[in-house]
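Chain by chain, the residues:
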Amino acid sequence: GCKKVMSLGIDEGFRNLEHLQVEGSGFTDSGLIAVGKCCRHLLAIDLEGCLRITESGLKKIMEDCRQLRQVNLKNCKCVNLEALAWMVFYRPSLRKLVPPSSCVSEGQKALLLRHGCKISSCSNS
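Residues numbered from 1 in each chain as written. Predicted model: local features only at pLDDT ≥ 70, side-chain atom pairs only at ≥ 80, totals over all residues. Heavy atoms only, no water.

(A) Structural detail: the packing of helix 2 (residues 55-64) against helix 3 (residues 81-90). Where helix 2 contacts helix 3, the two axes come as close as 10 Å, and the packing angle between them is 10°. On the basis of their axis angle, the class for helix 2 and helix 3 is roughly parallel. Contacts from Glu 55, Leu 58, Lys 59, Met 62 and Glu 63 in helix 2 reach Ala 83, Trp 86, Met 87 and Tyr 90 in helix 3. Its residues assigned to classes, the contact of helix 2 with helix 3 shows six nonpolar, no polar and three charged. (Axes fitted to C-alpha atoms, helices over the stretch in contact; angles between N-to-C directions. Helix = DSSP H or I, 4+ residues; strand = E, 2+ residues; numbered from the N terminus. Parallel < 35°, antiparallel > 145°, perpendicular 65-115°, else oblique. Contact = heavy atoms within 4.5 Å. Nonpolar A, V, L, I, M, F, W, Y, C, P; charged D, E, K, R; others polar.)

This is how it looks when you write it as structure tokens:
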């Protein structure tokens, strides 16, 4: 919940980081880019409530973190549903996505599940 944290001072010591939770921070696309460059073994990232994250930052982390399996985008208001499909098709390692505040239809969930990725149910919060 540190709204003023926009990035992390990530260096080689974080090279083997597998899970990152920056939920509720002020994390930005530049923060995602820094994580992607250094933490290539990342398996899961929780970006819930990071209001400054966009498709641009997500694209970069998808390119760099080839083993990424879980992404939480709940309440990431700058991310649209089209980005979810792109992420699943681009990064076949993804197994679980929590969508932004917009709900995903059952048809969309089924399509993405056929590609091996479960889309969590939307909440009304």
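Having seen the structure, we can now continue with the description.
(B) Representation of the sheet that holds strand 5 (residues 118-119) in the model. Spatially, 1-2-3-4-5 is the arrangement adopted by the five strands of the open sheet, whose pairing is parallel. With partners counted over all chains shown, the strands left at the sheet margins are strand 1 (19-21) and strand 5, one partner each. (Pairing = 2+ DSSP bridges.)

(C) Layout of the confidence of the model for the chain. Model confidence for the chain is summarised by a mean pLDDT of 84, while 84% of its residues fall at 70 or above. The model gives residues 2-6 a pLDDT under 50, and that stretch makes 14 contacts with residues more than four places away or in other chains. (pLDDT = per-residue confidence, 0-100.)

(D) The arrangement of the packing of aromatic side chains in detail. Per the counting criterion, the structure on display carries one aromatic pair. Plain terms: the ring middles of Trp 86 and Tyr 90 are 4.7 Å apart, the flat faces sit at 10° to each other, and that makes the pair stacked. Of this pair, Trp 86 and Tyr 90 both sit in helix 3, separated by four residues, roughly a single helical turn. (Phe/Tyr/Trp six-rings, centres within 6.5 Å; stacked < 30°, edge-to-face > 60°.)

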